[in-house]
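Listed below are the residues making up each chain.
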Amino acid sequence: MAQKYDYLVIGAGFAGAVVAGELARRGDKRVLVLERRDHLGGNAYDCPDDRGILIHKYGPHIFHTNDKRVFDYLSQYTQWREYQHRVVANIPGKDGRLEYPVPFNLTSLEAAFGSQEGKRLGEKLIAAYGGEKKVTILELRQNADPEIAAIADYVYEHVFVHYTMKQWGQKPEEIDPNTTARVPVFLSRDDRYFQDTYQGMPLKGYTPIFEKILDHPNITVELGCDALKRLELVEGAIRLDGETFDGGVVYTGQADELFGFRFGPLPYRTLDFGFETLDKDYFQSHGTVNYTVDEPYTRITEFKHLTGQEMPGVTTIMKEFSRAYTGGEGEIPYYAIINDENNALYGKYAALSAQYPGLHLLGRLAEYKYYNMDAIAARALALADGLLGK
Ligand code: FAD
Ligand code: UDP
């Protein structure tokens, strides 16, 4: 029987959808996409809840990039709603709770230390590092000047250490420094969470992007299908449904699972999401509020702020609780835990995958990396370039 497909793509999140769409459109390839969940979009999936509020089922997703190619690519599939994400830390203060911008910036400094003292300290930081500069908390903690060290201690205690303990079960200095560097101290009045050139939310949500990308005569999508039940990797050969598959395979799931966890499981953090629908216009002032000192959850997101949806009298919020991933039924591995030991373990799986010339590991799970959506889209476009020789 002639093989029906040129490519098999496993997973219909950003990685799988973008590569499948490009192989079909630019390369006229026939692509089979297998997705284990009963919907497209992977962790970027969104849908209306029972009251009609558009929610992000797997955590808040805000699009931002400096990559023009990625922005232009996605703009073929969606219009954008102007949205600049702003986050505040909510902490217990002397007279009730206090909120100030995160990343911690010059405005936060004044809220924390008082207007006059905050201004003076801000000038001192700018003299040390330069205006509009970003300084990671770990860098700031290296500064020997007693006043700057006191600011670093304050920010460490009120913004980083408890949030990081909740999110990772480890202290900021124990985790990959690139993780806390995502949210540096910013010597600026700019209170946006991201400074990227292109930012926004897809006007109709994320899911329609995936529907459009995968809507092509050369693409077949099967939802609710665990590809590992149909795929066999044996001594350099790939079999699909019991027959040799000579086409390319783009795998976007967990690398350890693909090889039966033979070197042991890769560690991850998972999340539990607590959704609450409230009979009021709005619950909080910002799309996301980080609870950086107390509460068992890391942050609360209120979706109407993100999506701009107008729904008077009702709103949905979501609390995020992080814990170790155990591989239990229904658990999703959201965050790779990047460190030397885990990278070395991942390296064993990557080396094994290299024994299969047609097999490509792509995406946040398959590459065991902390990638944002834009980075994944960029990598998927680059992989398609490579596979199509253009
Ligand atoms: P995924 O979205 O995980 O897709 C992989 C897909 O493969 C899944 O649908 C899975 O079901 C499927 N799959 C796995 N194994 C199999 C199998 N055996 N058979 C069939 N299917 C399989 N990025 C941003 O840019 N901005 C944000 O604001 C942002 N917020 C985030 C918030 C949270 C809480 C999290 C966890 C991530 C966030 N991200 C954000 C990152 C973003 O989710 C990822 O960059 C992106 O979803 C990665 O896409 P992917 O295709 O690599 O992986
Ligand atoms: N972080 C923190 N306090 C904050 C925000 C972030 O300590 O208020 C740290 C924490 O370790 C977190 C990391 O910075 O995991 C990256 O934060 P980001 O908001 O980028 O995480 P994501 O949205 O990917 O979960």
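Residues numbered from 1 in each chain as written. Chains lettered and ligands numbered in written order. Predicted model: local features only at pLDDT ≥ 70, side-chain atom pairs only at ≥ 80, totals over all residues. Heavy atoms only, no water.

1. Description of the packing of helix 4 (residues 115-129) against helix 6 (residues 146-168)
- Interhelical geometry of helix 4 versus helix 6 gives an angle of 105 degrees and a closest axis separation of 11 Å. Here helix 6 runs roughly perpendicular to helix 4, going by the angle between their axes. Seen from helix 4, the contacting residues are R120, L121, K124, L125, A128 and Y129; seen from helix 6, they are E147, I148 and I151.
- When grouped by side-chain class, the residues that make up the contact of helix 4 with helix 6 number 6 nonpolar, no polar and 3 charged. (Axes fitted to C-alpha atoms, helices over the stretch in contact; angles between N-to-C directions. Helix = DSSP H or I, 4+ residues; strand = E, 2+ residues; numbered from the N terminus. Parallel < 35°, antiparallel > 145°, perpendicular 65-115°, else oblique. Contact = heavy atoms within 4.5 Å. Nonpolar A, V, L, I, M, F, W, Y, C, P; charged D, E, K, R; others polar.)

2. Focus on the site of ligand 2
- As a matter of local geometry, ligand 2 sits amid 17 residues, with W168, R182, Y193, Y335 and Y370 nearest to it.
- With respect to ligand 2, the side chain of Y193 contributes an N or O atom lying 2.5 Å from an oxygen atom.
- Alone, ligand 2 offers 530 Å² of accessible surface; in the complex the protein occludes 94% of this.
- Elements represented by at least two residues in the shell around ligand 2 include exactly helix 6 and helix 7 (177-180).
- Residue classes in the shell around ligand 2 are distributed as 9 nonpolar, 6 polar and 2 charged. (Near = heavy atom within 4 Å. Polar contact = N/O pair within 3.5 Å; in protein donor to acceptor, adjacent residues only side chain to side chain. Areas by Shrake-Rupley, 256 points an atom, 1.4 Å probe, with all protein chains shown as cover.)

3. A closer look at the environment of Y282
- On the secondary structure map, Y282 appears in the loop between strand 17 (268-278) and strand 18 (288-290).
- For Y282, a relative accessible area of 41% corresponds to the partly exposed category.
- Through-space distance from the C-alpha of Y282 to that of D385 is 45 Å; in sequence the pair is 103 residues apart.
- When sequence neighbours within four positions are dropped, the list of residues in contact with Y282 reads E302, K304, H305, Q309 and T315. (Buried < 20%, exposed > 50% of the residue type's maximum accessible area, 1.4 Å probe, protein only.)

4. Focus on the pattern of salt bridges
- If you walk through the whole model with that rule in mind, you get 25 salt bridges.
- For E117, the salt bridge goes to R120, with nearest N and O atoms at 3.0 Å. One end of the pair is E117 and the other is R120, both in helix 4 and 3 residues apart, which spans about a single turn.
- The partly exposed category is assigned to E117, whose relative accessible area is 31%.
- Under the relative-accessibility criterion, R120 is labelled partly exposed at 37%.
- A salt bridge links E147 to K124; its shortest N-O distance comes to 3.0 Å. Note that E147 is positioned in helix 6 and K124 in helix 4, a separation of 23 residues in sequence.
- By sharing partners, the salt bridges in this structure join E117, R120, K124, D145 and E147 into a single network. (Salt bridge = Lys/Arg side-chain N within 4 Å of Asp/Glu carboxyl O.)

5. A short note on the site of ligand 1
- The environment of ligand 1 is made up of 32 residues, and the closest members are E35, H61, I62, Y371 and M373.
- Contacts to ligand 1 include E35, whose side-chain N or O atom sits 2.6 Å from an oxygen atom.
- Within the contact set of ligand 1, a nitrogen atom lies 3.0 Å away from a backbone nitrogen or oxygen of R36.
- Its residues placed into classes, the shell around ligand 1 shows 17 nonpolar, 10 polar and 5 charged.

6. Points about helix 11 (residues 340-353)
- For helix 11, built from 14 residues, the straight-helix expectation of 20 Å at 1.5 Å per residue is met to within 8% by its first-to-last C-alpha distance of 20 Å.
- N-cap assignment for helix 11: the residue whose side-chain oxygen lies 3.2 Å from the backbone N of E341 is N339. (Expected span 1.5 Å × (residues − 1).)

7. Some details on the nonpolar core
- Counting residues in each nonpolar core, the largest one holds 116 residues, and the members touching the most others are L8, F14, V19, V31, V155 and L359.
- Among the elements that take part in this core, helix 6 stands out by supplying 10 residues, more than any other.
- Contact partners of L359, with chain neighbours within four places excluded, come to L233, I238, V249, Y251, L258, F259 and S353.
- With 6 residues, the next largest nonpolar core counts V289, Y291, Y297 and I317 among its residues. (Core = buried A, V, L, I, M, F, W, Y, C linked by side-chain atoms within 4.5 Å.)

8. Section: the pairing of strand 13 (residues 231-234)
- What you see with strand 13 is a clean split: L231 and L233 sit on the buried side and E232 and V234 on the side with no burial.
- Examined bridge by bridge, strand 13 and strand 14 (residues 237-240) share 4 bridges and lie antiparallel to one another. Along strand 14, the bridge assignment pairs E232 with R239.
- Hairpin connection, strand 13 to strand 14: the antiparallel pair is bridged by 2 residues, and E235 has positive phi, about 45 degrees. (Pairing = 2+ DSSP bridges.)

9. Describing the sheet that holds strand 6 (residues 80-81)
- Ordered in space as 5-11-6, the 3 strands form an open sheet in which the pairing is antiparallel. Here the strands that pair on one side only, and so sit at the sheet edges, are strand 5 (63-65) and strand 6.
- Bridge count for strand 6 against strand 11 (residues 198-202) is 2 bridges, and the pairing is antiparallel. Bridge pairing in strand 11 places R81 opposite M201.
- Sitting on the sheet, helix 2 (residues 68-75) touches strand 5, strand 6 and strand 11, and the angle it makes with strand 5 is about 140 degrees.

10. Overview of the environment of A181
- In this structure, A181 sits in the loop between helix 7 and strand 10 (185-186).
- Counting along the chain gives 44 residues from A181 to I137, while the straight-line C-alpha distance between them is 7.4 Å.

11. Notes on unusual backbone geometry
- In this model, V102 is joined to P103 through a cis peptide bond whose omega is 0 degrees.
- The topology assignment puts P103 in the loop between strand 8 (96-102) and helix 3 (106-113).

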